[in-house]
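Overview (structure and organization)
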Amino acid sequence: MGANKTKLNKNILQHLVNRTNRSPAEIKAMYAIFRRHFPSGKVESPQDLCRCLQKFSLVPIGYTDQKAFERLYRLFDVQNRNPKHDSGIDFFHFMTVSNILERGTTAEKIILYFQSFDVDNDQKITRDDLEVCLPPTVESRQLIQQLLRQWDMNRDGVVTLEDFQQYVMSNPDLLPMFADANERIRMNSVTLESSRDNNRYVNVYNINRGTFATSQ
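Residues numbered from 1 in each chain as written. Predicted model: local features only at pLDDT ≥ 70, side-chain atom pairs only at ≥ 80, totals over all residues. Heavy atoms only, no water.

How we decide: UniProt positions are given in the numbering used here, feature names are shortened, and annotations may be inferred rather than shown by experiment.
An unreviewed UniProt entry lists the chain under the name EF-hand domain-containing protein, with Rotaria sordida given as the organism. The Sequence similarities (unreviewed entry) comment attached to the chain in UniProt states, word for word, "Belongs to the recoverin family."

Take a look at the structure:
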C-alpha cells in the first residue's frame, strides 16, 4: 500500500509525456527524485522550490536570491489558487510549469505570468492583486501605480490578458524572457560564449529581473 502512494498515476504520466515531450522513463526517474526529496509529494515554500530546481539542475546551485524564488513560487503555484486544490506544488504542476518556462511558446509564458499576478482569478490584474504580490512598502505602492499605468494599454482602467500581452510584446527588453526555445537559441547565438550559461537561467527562470516595469 505504501508503494502505491508513491507511484506516479498512469494518466498523469501519459499527460506529462504528451505535454513535455519527455519519455516515460525520464519522467519516472524525475518523479523518483522528486518524491525522495519531498516525501509529502509537495513543494510547499520558495525555499523548497529553490532546492527542487537545483536538484534538477534548472538553476545554479549557488543561486539563493530569496526574492527571486518567491517570484518563481508564485508562478509555479498558479494552479493551486483554485480552492479545490490543496496548497503546495505537486509533481504534475512542477513539471507543467517548468516545461512552459523552458520550452513553452511565447503565448503560454505570457498567460502563465499573467495568471501569477491575477491572484483572485477574475481574468484581470488589479491593485488588490498586486498588493498581494508585493510587500507593503511605500516603494511597492509607487511601483503598483507605475505597473497599472503601463500595463493598461488601452487606458480603460483594467489590465486584461490582452493588455499584458501587448505590453510584453511592445517592450524588447522583456522579450528574451518570453521567447520560445528556438528563439532563445537564435538570441544566444549572437552573445558571447561566456555569458550563454547565465543567459539560460536569467531568461528562462526570470531569476534576476524585477517586476515588469519599464523606465519612464
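Structure's up, so let's keep going.
1. Examining the overall build of the chain
In plain terms, the rule: Helix and strand definitions follow DSSP, with helices as H or I runs of at least four residues and strands as E runs of at least two, each counted in order from the N terminus. Any two residues having at least one pair of non-hydrogen atoms within 4.5 Å are treated as being in contact. Here the accessible surface of atoms and residues is derived via Shrake-Rupley with a 1.4 Å probe, and residues count as covered only by protein chains that are part of the display.
In terms of regular secondary structure, the chain is built from 13 helices and 2 strands. Within the chain, residue pairs in contact and separated by at least 24 positions form 58% of the contacts whose partners lie at least 6 positions apart. Looking at the chain as shown, the accessible area adds up to about 12000 Å², and 51% of this sits on carbon and sulfur atoms.

2. A closer look at the nonpolar core
Within soluble globular proteins, side chains that are nonpolar generally end up buried alongside one another. Stated precisely, the cut-off is as follows: Residues belong to a common nonpolar core when they are buried Ala, Val, Leu, Ile, Met, Phe, Trp, Tyr or Cys residues joined through side-chain atoms within 4.5 Å. The buried label goes to any residue with under 20% of its type's maximum accessible area, the exposed label to any with over 50%, and the partly exposed label to all in between, with areas taken from a 1.4 Å probe on protein chains only.
With 50 residues, the main nonpolar core has L53, F76, F91, F94, W151 and F164 as its most contacted residues. Broken down by element, the residue count for this core peaks at 6 residues, all from helix α6 (residues 91-103). Beyond its immediate chain neighbours, meaning those up to four positions away, F91 contacts L8, L16, I27, M30, Y31, F34 and G41.

3. Focus on the pattern of salt bridges
Convention followed: For this analysis, a salt bridge means a side-chain nitrogen from Lys or Arg found within 4 Å of a carboxyl oxygen belonging to Asp or Glu.
Following the criterion strictly, the structure yields 3 salt bridges and no others. Across the pair E26 and R22 runs a salt bridge whose closest N-O atoms are separated by 2.6 Å. You can call E26 partly exposed: its relative accessible area is 34%. For R22, a relative accessible area of 14% puts it in the buried group.

4. What to know about the packing of aromatic side chains
Going by this rule: What counts as a ring pair is set by centres within 6.5 Å for rings of Phe, Tyr and Trp (its six-membered ring), and what kind of pair is set by the plane angle: stacked under 30 degrees, edge-to-face over 60, tilted for all other angles.
Scanning the model with the defined rule gives 11 aromatic pairs in all. Relative to F94, the ring of F76 lies with its centre 5.6 Å away and its plane at 20°, an arrangement referred to as stacked. You can see F76 sitting in helix α5 (residues 66-76) and its partner F94 sitting in helix α6, a full 18 residues away along the chain. Each of the two residues, F76 as well as F94, counts as buried. Taking the centre distance of 5.2 Å and the plane angle of 55° together, the rings of F117 and W151 count as tilted. In this pair, F117 sits in helix α7 (residues 106-117) while W151 sits in helix α9 (residues 138-151), placing the two residues 34 residues apart along the sequence. With respect to class, F117 is no different from W151; both count as buried.

5. Points about the packing of helix α2 (residues 10-20) against helix α3 (residues 24-37)
For clarity, the cut-off: Throughout, an axis means a line fitted to C-alpha atoms (over the contacting stretch in the case of helices), and angles, computed between N-to-C directions, take values from 0 to 180 degrees. Just so you know how the angles are binned, under 35 degrees is roughly parallel, over 145 roughly antiparallel, 65 to 115 roughly perpendicular, and the rest oblique. Two helices cross in a left-handed way if the nearer one is turned anticlockwise from the farther one by less than a right angle. They cross in a right-handed way if the turn is clockwise. For this scheme, ten residues count as nonpolar: Ala, Val, Leu, Ile, Met, Phe, Trp, Tyr, Cys and Pro. Four count as charged, namely Asp, Glu, Lys and Arg, and the remainder, Gly too, count as polar.
Across the interface, α2 lies against α3 with an axial gap of 10 Å and an inter-helix angle of 115°. Considering their axes alone, α2 and α3 lie roughly perpendicular with respect to each other. Regarding α2 and α3, the two cross each other, and that crossing is right-handed. Between α2 and α3, the contacting residues are L13, L16, V17 and T20 on the first element and P24, I27 and K28 on the second. Of the residues assigned to the contact of α2 with α3, the class counts are 5 nonpolar, 1 polar and 1 charged.

6. Observations concerning the UniProt feature "domain: EF-hand" (unreviewed entry) in the chain
The UniProt entry lists residues 139-174 under the feature "domain: EF-hand" (unreviewed entry), expressed in the numbering used here. For residues 139-174, the helix share is 61%, the strand share is 0%, and the end-to-end C-alpha distance is 22 Å.

7. Side note on α5
Along an α-helix, a turn takes 3.6 residues, which lines up residues three or four apart on a common side. The element α5 is extensively covered by neighbouring structure, given that 8 of its 11 residues are classed as buried. Turning to α5, its buried residues are A68, F69, R71, L72, Y73, R74, L75 and F76.

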